[in-house]
Amino acid sequence: MEVKTRAPGKIILAGEHAVVHGSTAVAACIDLYTYVSLRPSLSENDDTLELLLKDMELEFSWSIGRIKETLSHLGSPFPSTPTSCTAESVRCIAALVEEQNIPEAKIGLATGVSAFLWLYTSIQGFKPATVVVTSDLPLGAGLGSSAAFCVALSAVLLGFSDSVSLDKNHQGWLTYGDSDLDLLNKWAFEGEKLIHGKPSGLDNTVSTYGNIIKFKSGSLTRIKSNMPLKMLITNTKVGRNTKALVTGVTERTFRHPDVMGSVFNAVDSISKELSSILESPALDDLSKTEKERKLEELMEMNQGLLQCMGVSHASIETVLRTTLKYKLATKLTGAGGGGCVLTLLPTLLSGTVVDKVIAELESCGFQCLIAGIGGNGVEICFHGSS
Ligand SMILES: Nc1ncnc2c1ncn2[C@@H]1O[C@H](COP(=O)(O)OP(=O)(O)O)[C@@H](O)[C@H]1O
Ligand SMILES: C[C@@](O)(CCOP(=O)(O)O)CC(=O)O
Ligand SMILES: [Mg+2]
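Thresholds, definitions, all that
Residues numbered from 1 in each chain as written. Chains lettered and ligands numbered in written order. Predicted model: local features only at pLDDT ≥ 70, side-chain atom pairs only at ≥ 80, totals over all residues. Heavy atoms only, no water. Helix = DSSP H or I, 4+ residues; strand = E, 2+ residues; numbered from the N terminus. Expected span 1.5 Å × (residues − 1). Buried < 20%, exposed > 50% of the residue type's maximum accessible area, 1.4 Å probe, protein only. Arc of directions from axis to C-beta. Contact = heavy atoms within 4.5 Å. Near = heavy atom within 4 Å. Polar contact = N/O pair within 3.5 Å; in protein donor to acceptor, adjacent residues only side chain to side chain. Areas by Shrake-Rupley, 256 points an atom, 1.4 Å probe, with all protein chains shown as cover. 1 Å grid on protein atoms, 1.4 Å probe; cavity = no way out; pocket = protein on both sides within 12 Å on 5 of 7 lines; lining within 4 Å. Sits in = over half its atoms within 2 Å of the grid points. Pairing = 2+ DSSP bridges. Axes fitted to C-alpha atoms, helices over the stretch in contact; angles between N-to-C directions. Nonpolar A, V, L, I, M, F, W, Y, C, P; charged D, E, K, R; others polar. Donors = N, O, S within 2.8 Å, 3.2 Å for Na, K, Ca; no water.

*Asks:* I keep staring at helix α11 (residues 351–363) and nothing clicks. Help me out?
*Replies:* An α-helical segment advances 3.6 residues per turn. Residues three or four places apart therefore align on the same side. Helix length check: α11, at 13 residues, gives a terminal C-alpha distance of 18 Å against a target of 18 Å (1.5 Å per residue), a fit within 8%. All of the buried residues in α11 are V354, V357, I358 and L361. End-on view of α11: buried residues confined to an arc of 95°, all on one side of the axis. In α11, the exposed positions that point more than 90 degrees away from the buried face belong to T352, D355, K356 and S363. On the buried face of α11, the contacting elements are β9 (231–235), α10 (314–324) and β12 (367–370). G365, located one to two residues past α11, shows a positive phi value of around 95°.

*Asks:* Help me understand helix α3 (residues 110–123) in this model?
*Replies:* Along its 14 residues, α3 runs 20 Å from first to last C-alpha, staying within 8% of the 20 Å computed at 1.5 Å per residue. Of all the 14 residues making up α3, 13 are buried; the element is thus mostly covered by neighbouring parts of the structure. Note on α3: the residue one or two positions beyond its end, G125, has a positive phi of about 80°.

*Asks:* Explain the site of ligand 2 here, please?
*Replies:* Within the structure, ligand 2 sits among 18 residues, and K10, S200, R240, T242 and A335 are positioned closest to it. Interatomic distance of 3.0 Å between a backbone N/O atom of H17 and an oxygen atom of ligand 2. Between ligand 2 and G144 there is a distance of 3.0 Å, counted from an oxygen atom to a backbone nitrogen or oxygen. For ligand 2, whose unbound accessible area comes to 380 Å², protein coverage reaches 98%. Here ligand 2 occupies the largest pocket. Only β1 (3–14) and α7 (242–255) provide two or more residues apiece to the shell around ligand 2.

*Asks:* I tried to follow the sheet that holds strand β11 (residues 340–344) on my own but got confused; where do I start?
*Replies:* Hydrogen bonds along the backbone pair up the strands of a sheet, which may run parallel or antiparallel. The strand order across the open sheet built from 4 strands is β10-β11-β9-β12, with neighbouring strands paired in antiparallel fashion. Pairing within the sheet leaves two strands with one partner each, and these edge strands are β10 (330–332) and β12. Neighbour to neighbour, the strand axes of the sheet diverge by 25° on average, direction disregarded. With 4 bridges connecting them, β9 and β12 associate as antiparallel partners. Directly across from I233, in β12, lies its bridge partner L369. Across the face of the sheet, α10 comes into contact with β9, β10 and β11 while running at roughly 170° to β10. Against the sheet, α11 touches β9 and β12, its axis set at about 150° to β12.

*Asks:* Got a minute to help me understand the environment of L49 in this structure?
*Replies:* The topology assignment puts L49 in strand β3 (residues 48–53). You can call L49 buried: its relative accessible area is 0%. Put simply, L49 and L328 are 279 residues apart on the chain and 49 Å apart in space, counted from C-alpha to C-alpha. With sequence-adjacent residues up to four places away left out, L49 is seen in contact with F60, S61, W62, I64, I67, F116, L117, Y120, K127 and A129.

*Asks:* It is not clear to me how the site of ligand 1 should be interpreted in this structure. Could you clarify?
*Replies:* Surrounding ligand 1, one finds 20 residues, the nearest of these being G140, G142, S145, H196 and T242. Taking S145, its side chain carries an N or O atom lying 2.6 Å from an oxygen atom of ligand 1. A total of 560 Å² of accessible area belongs to ligand 1 in isolation, and the protein chains cover 94% of it. When each cavity is represented as a set of grid points, ligand 1 is found to reside in the largest pocket. Among the elements of the structure, α3, α4 (145–159) and α5 (178–196) are those that each provide at least two residues to the shell around ligand 1. Sort the elements by how many residues they give to the shell around ligand 1 and α4 lands first, with 3 residues. Looking at the shell around ligand 1 residue by residue, the class counts come to 9 nonpolar, 10 polar and 1 charged.

*Asks:* It is not clear to me how the coordination of the magnesium ion (ligand 3) should be interpreted in this structure. Could you clarify?
*Replies:* By definition of the ideal shapes, four donors in a tetrahedron about a metal sit 109.5 degrees apart, and six donors in an octahedron sit 90 or 180 degrees apart. Bound to the magnesium ion (ligand 3) on the protein side are S146 (OG) and H196 (NE2), at distances that span 2.2 to 2.3 Å. With S146 in helix α4 and H196 in helix α5, this pair connects stretches of sequence that are 50 residues apart. Among the residues examined, S146 registers a relative accessible area of 13% and is labelled buried. The class of H196 is buried, set by a relative accessible area of 9%.

*Asks:* Help me understand the pairing of strand β7 (residues 212–216) in this model?
*Replies:* On a regular strand, one side chain projects to one face of the sheet and the next to the other, so that they alternate. Two elements, strand β2 (residues 25–40) and β7, share 4 bridges in a ladder whose sense is antiparallel. For A27, the partnering residue across the bridge sits in β7 and is I213. In terms of strand pairing, β7 meets strand β8 (residues 219–223) through 5 bridges, oriented antiparallel. When the sheet's bridge partners are listed, I213 is paired in β8 with R222. The hairpin formed by β7 and β8 contains 2 residues between the paired strands, and S217 there has a positive phi angle of roughly 45°.

See below:
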């Protein structure tokens, strides 16, 4: 039987980077997904584990014997006990990845392949199978592709273990129960660590549970938003790497602990205020517009503080300047340094203005999209996957 999962990407409305240092952040999932399907090998002669990254046109294959020989110290699989990859296992897994000779232009994927091997062997053990990955999300652009990958992967692997309880006769997409979500979110976090180094857990948590969440020091609060949010997402297409940007902010924090502490505190207040605005009732158009004005100000302030942290970029500043001409507020989303930028589109903004902004941004070589915000988190499909 083939089983498929999908996990959404995300936008961070406030609090990226500061959340790594204990501040509150607010994030929402978007309707762009990473899909992972798993087909266990049925033939006794088949002794390989295959990973197919379809969008990347990359295929990896290891003999189970080779994996066992390298990772035998792991023992039996431990699906119910999310565990960090030890330094020794990191080294062994890196050797298995290196043998696959990833082309230099795609070497950034090596950490994703390592996360795959860790999650696979920890949850499934040494069983032959084919795992296929596709994604709607741009990789390394701030929309949480790394987390969606780890969440969808953990979800499909646990879907084959006895550690989760799911109705396998269900047709179409099925959501997981709360305790199963807690388990797969912990595994996804372990995968994110191999990609990000020191993730806050925000991205995997919003991809797992969906909707809009407030997140601080590993714990989440679901937000019941009372306002429809429309965001223009602009991909600057400037490549960057979350791990390097997070390290840069941490180093700046070591150099200027007091200043950065104040910056993180300010971000914490922004996220708290933003979430309370989302939750407060919107009674009429006037109060809706007032709330949107406040959100815009908070986004502008958050962007200023992200610039203080050193994670803005010339391309992001170009988007800021362009949208400001239309009196629209913009902030980067995710790790910054390029990647994606959010612009709030107020309810009463005319379609003509939106079209003009998009045309102007696209004439700079950027790519614009408007994604649906705040749907379901990770889901699984046993039959008739779309
Ligand atoms: N579909 C995928 N297949 C394999 N690896 C992936 C996939 N999606 C993400 N990754 C891993 O995540 C990395 C990008 O993560 P990151 O730098 O955190 O950016 P973001 O999470 O914003 O997209 C990739 O370089 C790769 O290692
Ligand atoms: C910068 C950070 O706050 C978010 C990173 O998101 P992304 O990988 O750029 O999608 C890091 C984290 O929360 O772990
Ligand atoms: Mg990421």
